[in-house]
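These are the residues of each chain, in order.
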Amino acid sequence: MPIRIQSDLPAGEVLDRENIFVMEEGQADLQNIRPLEILILNLMPLKEDTELQLLRSLSNTPLQLNITFLTVTTHHAKNTKAGHLNQFYQEFSDIKESFFDGMIITGAPVELMKFEEVDYWDELCEILDWTTDHVTSTLHLCWGAQAALYHHYGLSKRNLGYKLFGVYRHRVKNKKIPLVRGFDDFFFAPHSRWTEVSRDEIMKCNDLVILSESDEAGVFLVMSRNGRRIFVMGHPEYDRLTLDQEYQRDKKKGIPIRMPVNYYPDDDPDNKPKLSWRAHANTLYTNWINYYCYQLTPYSLGTRVYTYENLH
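All of these numbers come straight from a predicted model, not from anything done at the bench. (Residues numbered from 1 in each chain as written. Predicted model: local features only at pLDDT ≥ 70, side-chain atom pairs only at ≥ 80, totals over all residues. Heavy atoms only, no water.)

K.L.:
What exactly am I supposed to notice about the overall build of the chain here?
P.N.:
For the chain, the helix and strand inventory stands at ten helices and twelve strands. For the chain, the proportion of its 312 residues judged to be buried stands at 57%. The long-range fraction of contacts in the chain, counting pairs at least 24 apart against all pairs at least 6 apart in sequence, stands at 73%. Only carbon and sulfur atoms are counted for the fraction: they give 46% of the accessible area of the chain, which is about 14300 Å². (Helix = DSSP H or I, 4+ residues; strand = E, 2+ residues; numbered from the N terminus. Buried < 20%, exposed > 50% of the residue type's maximum accessible area, 1.4 Å probe, protein only. Contact = heavy atoms within 4.5 Å. Areas by Shrake-Rupley, 256 points an atom, 1.4 Å probe, with all protein chains shown as cover.)

K.L.:
Whenever I open this one, the environment of Leu-139 confuses me. Can you help?
P.N.:
Within the element layout of this structure, Leu-139 appears in strand β7 (residues 135–141). A C-alpha to C-alpha distance of 9.5 Å links Leu-139 and Ile-40, two positions 99 residues apart in sequence.

K.L.:
Help me understand the environment of Leu-141, please; the structure alone is not making it clear to me.
P.N.:
Note on placement: Leu-141 falls in strand β7. The residues contacting Leu-141, other than those within four sequence positions of it, are Leu-54, Ile-104, Ile-105, Thr-106, Gly-107, Val-232, Gly-234, Pro-236, Glu-237 and Tyr-285.

K.L.:
Help me out: how do you make sense of the packing of aromatic side chains in this one?
P.N.:
Here a ring pair, both rings aromatic, is described through the centre-centre distance and the interplanar angle of the planes. By the definition in use, this model includes 14 aromatic pairs. Between the aromatic rings of Tyr-120 and Trp-143, the centroid separation amounts to 6.2 Å while the plane-to-plane angle is 85°, which identifies the pairing as edge-to-face. Of the two residues, Tyr-120 is situated in the loop between β6 (100–105) and α6 (121–134) and Trp-143 in helix α7 (residues 143–153); the sequence distance between them amounts to 23 residues. Overall, Tyr-120 belongs to the buried group, its relative accessible area being 4%. The structure contains a cluster of three or more aromatic residues connected by ring pairs, namely Phe-115, Tyr-120, Trp-121, Trp-143 and Tyr-150. Above the plane of the ring of Tyr-162 lies Arg-258, whose end atom (NZ or CZ) is 4.5 Å from the centre. (Phe/Tyr/Trp six-rings, centres within 6.5 Å; stacked < 30°, edge-to-face > 60°. Lys NZ or Arg CZ within 6 Å of the ring centre and 35° of its normal.)

As structure tokens, then:
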């Protein structure tokens with residue numbers, strides 16, 4: 001697919017080497033179509049790695065996507081150069097009057113803190129409220145999903161007492177819903193988290209539907225009945241080596257960490273990790289773009305007319 005990005009975004013060179021179709025702004029302007037406007041609020045510390053992972057995940061649809069990266073202003077990013085943020089990221093004040101077909105809110109390594117203790121919590125809440133009438137469908141990942149479930153529905157997270165870490169098998173509950181169309185009965189996805197939102201609490205909320213879950217990892221995929229809010233409890237965007245990098249990092253820091261399950265062949269960290277989730281991850285992102293952004297958004301982004309009844 002053509003992903004429309006700034007011509008000098010570092011991830012562009014990597015994507016080009018991987019034969020992923022990246023369209024620079026000048027070339028995109030020659031096409032007489034309106035690209036889908038996709039906003040990504042990147043809360044992860046290694047922002048360039050996350051940019052690359054998400055752009056890969058969005059690269060399997062024939063639609064043209066115009067990507068805008070968003071950062072919070074109430075937190076100082078220690079692991080990304082200020083020059084990169086200044087050049088490639090917008091602040092909320094820059095885009096708050098705009099409308100977007102889709103938005104992704106990433107996870108963040110702040111799970112063990114209370115939501116209200118996170119330094120950018122108030123700003124995040126403002127953004128979450130803003131999505132209600134400025135974004136057709138918002139996809140929330142890991143901590144971003146827990147934060148949105150708490151803010152929108154009052155669902156609290158709970159500490160597992162250990163890090164749920166590895167690649168887990170999940171079952172699909174209702175394949176008639178477009179978000180999981182094309183999924184097999186079972187699929188694998190990575191998790192890397194210390195907390196969860198309990199299945200029982202989600203089931204009590206009439207506006208939420210569980211689409212997939214795991215006996216070991218719990219609920220994985222949840223959506224609001226109108227499709228405007230989608231919650232992914234794991235990290236389908238992760239690359240082959242992301243869990244390995246986290247494992248080696250935590251070991252060096254002396255953090256008590258279990259070896260990621262279902263990841264290294266023969267559970268030997270010296271072996272190249274298995275990549276067993278990319279096909280379903282690509283299907284998830286493609287379905288989201290197609291059924292929940294492209295087919296539902298109005299041509300003119302300034303006028304929002306939501307018609308979701310055809311999804312159910």
